[in-house]
Amino acid sequence: MSLRSLTNLMLGLIMIGILVFLYTKVQSLNVEDHYQITDTLRQHSSLNFRWNEDVLKTKLSLSSNYDGVTSPLVTLRSLQTKLTDKLSNLIVESAPLKASVDSYNKSIEEKNKLIEQFKGQNAIFDNSLRYISTAVDDLITEVEVQSANTTKSNPAFVALKNTAQTLLRELLEYNQVAQTDLAGSINKRLIAFENQKILYPDIISNKLDTVIRHASVILKRKPEIDALLATIVGLPIASSIENIENTYTAVYDGRLRDKDFYFTILIAYASGLLFLIALIGYRLRNSYRELNVVNKQLTVANETLEDRVVQRTKELSNAYNELKQSQAQLIQSEKMASLGQMVAGVAHEINTPLAYCHSNIDLVKEQLPEIIGLFKEFANFPSLLDAPTAEQQNLKEGIVTIQDAILTFEREGSFDEINLLLEGSLSGLDQISDMVKSLKDFSRLDQHKVENFDLNRGLDSVLVIANNVLKNKVEVIKEYGQLPKISYSPSQLNQVFLNLIVNASQAIENSGIIRLRTLADHHFVNVIVEDNGKGIPEDILPRIFDPFFTTKEIGKGTGLGLSIAYKIVQQHGGKITVHSEVNKGTQFTVSIPISQRMDLQNLEVAA
Amino acid sequence: MTIHQVFATVCSLILLTLSGGMIAKSAEINEPIQPLKLRQDLNLEKVNLGRSLFNDKRLSRDNSISCASCHDINKGGVDQLPVSKGVGGALGTINTPTVLNSSLNFRQFWDGRAASLEEQIDGPIHLKHEMDSDWPTILTKLQQDQAYADLFKKLYKNGLQSENIKDTISEYERSLITLSRFDRYLLGQKDAIKENEIKGYELFKRYGCVACHQGVNIGGNMYQLFGVMGDYFKDRGNITTADLGHFNVSKDERDRHKFKVPSLRNVALTAPYFHDGSAKTLRDAVRIMAKYQLGRNMPEKDEELIIQFLQSLSGELPVQAKGEQ
């Protein structure tokens, strides 16, 4: 990734990051949460109030059990958890809010402790309060029973009875309003009772003891309970909640302002981004437009290009065809050129048998008048035979003449000679015929393949054509191997071999040897043309197959021979290799595949 | 404004506002003891899983005791011993409170140190003389039980965890509600309890037992001083830490010897009594209560009637709580 694109990516990420940041800032204020918090606070308020109610109901004995005063705590605990949960984020930010929540929670703990104390105290107190009338009644009844048992009225009993009734009245009054002077009075009475206890019979003493105990409970616990209740009611619960509400509202308002602030920023930022996007869009549109123009031009260019390509292709294919034609012509003309070189020799080759055919036939022709004379003598015979008598002599003479003639012929061996001459002539004609056939083979334009083409025979016919070049200078050693018949066009291959053989003979300056070897392996038929001539210098060896490369004088060679040989062998799917040492000789190897992999199309075009 | 004025104002206000409410609530049973209500919102799968765990001895260090070892629900939710035996026969320091109806208690343990059933479980798990284990050990043991792993996976997102174990056990404990004949009586079936038992109840109220043993759980909703009308501990002697009660939790002098008032439901089944297991019979318990809490002499026949009433508080577990057992 290039530095530029990396920077762009970073820039894009930062821009998106800012957007997300602003968005979360705007979203951070959850209105739902806000309502839940205010609602929870309200529930706290009402529950605390209800809890106070429950406590007072218990105090006023409106409740027969403490379940009611115990259960609000459970609800309050869950409300506390809810509030802490909802405020948890804000508490971290706002110390006053944390302080107010902590203070409230502390108050609740305090309240709970106080209520627990109250419950325990009140249960005992309430029990004693309920029981005190019965206890006093029991005491009075017992005192009365005891009084009835004694004959004379016991003033102590009467006093006890009265004091007990007063005590009860005072206690009930004290229960209404716990005044200190009343408490003192009750306390005095209780101390008095305690002191007097032993004066009474056990049965009264026990009852009195019970009264003292329960009255003590009332006396002692009443102010404690009142104090507890006052503390409970006086706990700054409501103000704590109010405090939470205020601090929360402050935080919330702050957040609201923050939100508005961030919202403004977000709007501005988003507008900026939009503007940027619009700008980019505008530029994109412009670029697009430019692109469009270029594109159109390109399309036009493309269309013309196609036409031009078609035209060029056509031209090229024409050129190619022409080239192929000219190549075929080139091959043919090279062939004809080499043939031309051969013509003198070939003519001579033809001339020699032609000459002796001529002289032979001449000789035969010279003999012919005598033979004709002989035949004429024979022709006279019938007339001689017809003569009756006189002509015997003539007949005789005639026969003698014929006999002489025949004898002369026999003596001179004319018949044998004629026979020999004619045989010689026939042989000469055969030679000429061979030569002509070879020439025909060699020079023909058609490229028809010859089934069962025998390469050895092909080489022989080349040697016939090249004979004149070779004779008196080159000894040709043929080392033909057993070759499979192959199916190729002989005319072209022969051209290759002729080229190689002629080149070889030209490489030999005075006299030398050309060794022609043929051998076959699994895939190839190999023809090796080897001479012991002057060899090819190393510096030109790589160029010998180049077209128009020649070492001969201008006008002596086309420079196409080997390049065309190379081409032909290539077209036959074969290869031609050269190995040469200066002053030692050159060896060309032509390898032709046995199986046909000839590029027939190329061959046909070449034809 | 003085304390009295505040109190008087508030009282009058409350009276005014509540009088309407009281009339509306007249359908409620106006008794200090309230009938039980069976909970319908329990998750039965949790209840069943909790029951398995409640009975699983792998919760203790040496796999020797389970929750049920001390809280036998067929024995009133206790082991009926003065103090329980923990791992290796270690003796506890306090009488085992019943697990039955424990969900109705305002706090757990005699000293009220646990606010919830879930919190309570941590106690016996870790105590040396109880299960002497810890959650990592327990989790390691239970994780080898594929059945547990699967059940927890099904019920909880995070599978087998200590808080989920506590949750299931607590859910099971919430199912341990014992409806008694007395509840049926309170709900209007007048012949559900015998005449003597009704008399006993009347005495129970009259003697002031209901001052503390009230509400739906007949106790379990307040702390109370043991020895209101006499010094129980001085008389008994040999004061232990456990005797300090809620003081151990609050460190508030006012809480010395204060205990959570125990529920009297199934009380006939849970002898011996009190946090120290000192009262061997119900009669002993009633007698001690009358003396130290009520400061009353209670004739034997009243004791007898109250005991008969207390026996009517023994209840039956609902089917869902018993499970396959």
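Here the structure is a predicted model, which means the values were calculated and not measured.

Scoring rules and cut-offs
Residues numbered from 1 in each chain as written. Chains lettered and ligands numbered in written order. Predicted model: local features only at pLDDT ≥ 70, side-chain atom pairs only at ≥ 80, totals over all residues. Helix = DSSP H or I, 4+ residues; strand = E, 2+ residues; numbered from the N terminus. Buried ≥ 20, exposed ≤ 12 C-beta atoms within 10 Å, placed from the backbone. Contact = placed C-beta atoms within 7 Å. Bend = angle between axes of the 7 residues up to and from the residue. pLDDT = per-residue confidence, 0-100. Expected span 1.5 Å × (residues − 1). Core = buried A, V, L, I, M, F, W, Y, C linked by C-beta atoms within 7 Å. Nonpolar A, V, L, I, M, F, W, Y, C, P; charged D, E, K, R; others polar. Axes fitted to C-alpha atoms, helices over the stretch in contact; angles between N-to-C directions. Parallel < 35°, antiparallel > 145°, perpendicular 65-115°, else oblique. Left-handed = near helix turned anticlockwise from the far one by under 90°. Pairing = 2+ DSSP bridges.

**Student:** Give me the environment of Ile-108 of chain A: which residues, what numbers.
**Tutor:** All names here are of chain A. Relative to the elements of secondary structure, Ile-108 occurs in helix 4 (residues 95-149). The class for Ile-108 is buried, based on 21 C-beta atoms found within 10 Å. Separated by 28 residues in sequence, Ile-108 and Gln-80 place their C-alpha atoms 9.4 Å apart. Dropping the residues within four chain positions of it, Ile-108 is found in contact with Leu-76 and Gln-80.

**Student:** Explain helix 11 (residues 455-470) of chain A residue by residue, including any values.
**Tutor:** Residues and elements named next belong to chain A. If you look at helix 11, its biggest bend is around 45°, right at Val-464. Along helix 11, the residues classified as buried are Leu-455, Gly-458, Leu-459, Ser-461, Val-462, Val-464, Ile-465, Ala-466 and Val-469. Backbone geometry just after helix 11 places Asn-472 at a positive phi near 70°.

**Student:** Explain the confidence of the model for chain B to me, using residue names and the numbers behind them.
**Tutor:** Residues and elements named next belong to chain B. Of the residues in chain B, 91% have a pLDDT of 70 or more, and the chain-wide mean is 89. Per-residue pLDDT stays below 50 along residues 14-27; that stretch engages in 7 contacts with residues further than four places along the chain or on separate chains. Listed scores for the predicted complex are pTM 0.62 and ipTM 0.87.

**Student:** Kindly report on helix 1 (residues 3-27) of chain A, identifying the contributing residues and their values.
**Tutor:** With 25 residues, helix 1 of chain A extends 35 Å between its outermost C-alpha atoms, agreeing within 8% with the 36 Å of an ideal straight helix rising 1.5 Å per residue. In terms of residue burial, helix 1 of chain A counts as a barely covered element, since only 0 of its 25 residues are buried.

**Student:** An account of the nonpolar core is requested, with residue identities and associated values reported.
**Tutor:** If you look at the biggest cluster of nonpolar residues, it comprises 81 residues, and the most contacted ones within it are Val-55, Ile-132, Leu-139, Val-211, Ala-215 and Ile-218 of chain A together with Phe-204 of chain B. For this core, the element with the most residues is helix 4 of chain A, which contributes 13 residues. Among the nonpolar cores identified, the runner-up in size contains 37 residues, and Ile-514, Val-525, Ile-564 and Ile-576 of chain A belong to it.

**Student:** Please provide a residue-by-residue account of the interface of chain B and chain A, values included.
**Tutor:** Counting residues at the interface gives 32 residues for chain B and 31 residues for chain A. If you list the elements that add at least two residues to the side of chain B that touches chain A, you get helix 1 (3-24) and strand 2 (223-225) of chain B. A per-element tally of the side of chain B that touches chain A places helix 1 of chain B first, with 9 residues. Each residue belonging to the side of chain B that touches chain A can be placed in one class, and the counts come to 18 nonpolar, 10 polar and 4 charged.

**Student:** Residues and numbers for the environment of Phe-259 of chain B, please.
**Tutor:** Residue and element names in this part refer to chain B. Looking at the element boundaries, Phe-259 is found in strand 3 (residues 258-260). Sequence separation of Phe-259 and Leu-225 is 34 residues, and the distance between their C-alpha atoms is 6.4 Å. Apart from residues lying up to four places away in sequence, Phe-259 is in contact with Trp-110, Asp-111, Tyr-223, Gln-224, Phe-226, Gly-245, His-246 and His-275.

**Student:** Please give an account of the packing of helix 2 (residues 31-59) of chain A against helix 3 (residues 67-93) of chain A that cites residues and values.
**Tutor:** Residue and element names in this part refer to chain A. As a packed pair, helix 2 and helix 3 sit with axes 9 Å apart at the nearest point and diverge in direction by 160°. The orientation of helix 2 with respect to helix 3, classified from their angle, is roughly antiparallel. The handedness of the crossing between helix 2 and helix 3 is left-handed. Counted by class, the contact of helix 2 with helix 3 contains 10 nonpolar, 7 polar and 6 charged residues.

**Student:** Any details on the sheet that holds strand 2 (residues 474-480) of chain A? Residues and values, ideally.
**Tutor:** All names here are of chain A. Across the sheet, which stays open at both edges, the 5 strands sit in the order 2-4-5-7-6 with mixed pairing between neighbours. Of all the strands in the sheet, just strand 2 and strand 6 (575-581) have a single pairing partner and so form its edges. On average, each strand axis in the sheet is inclined to that of its neighbour by 15°, with strand direction left out of account.

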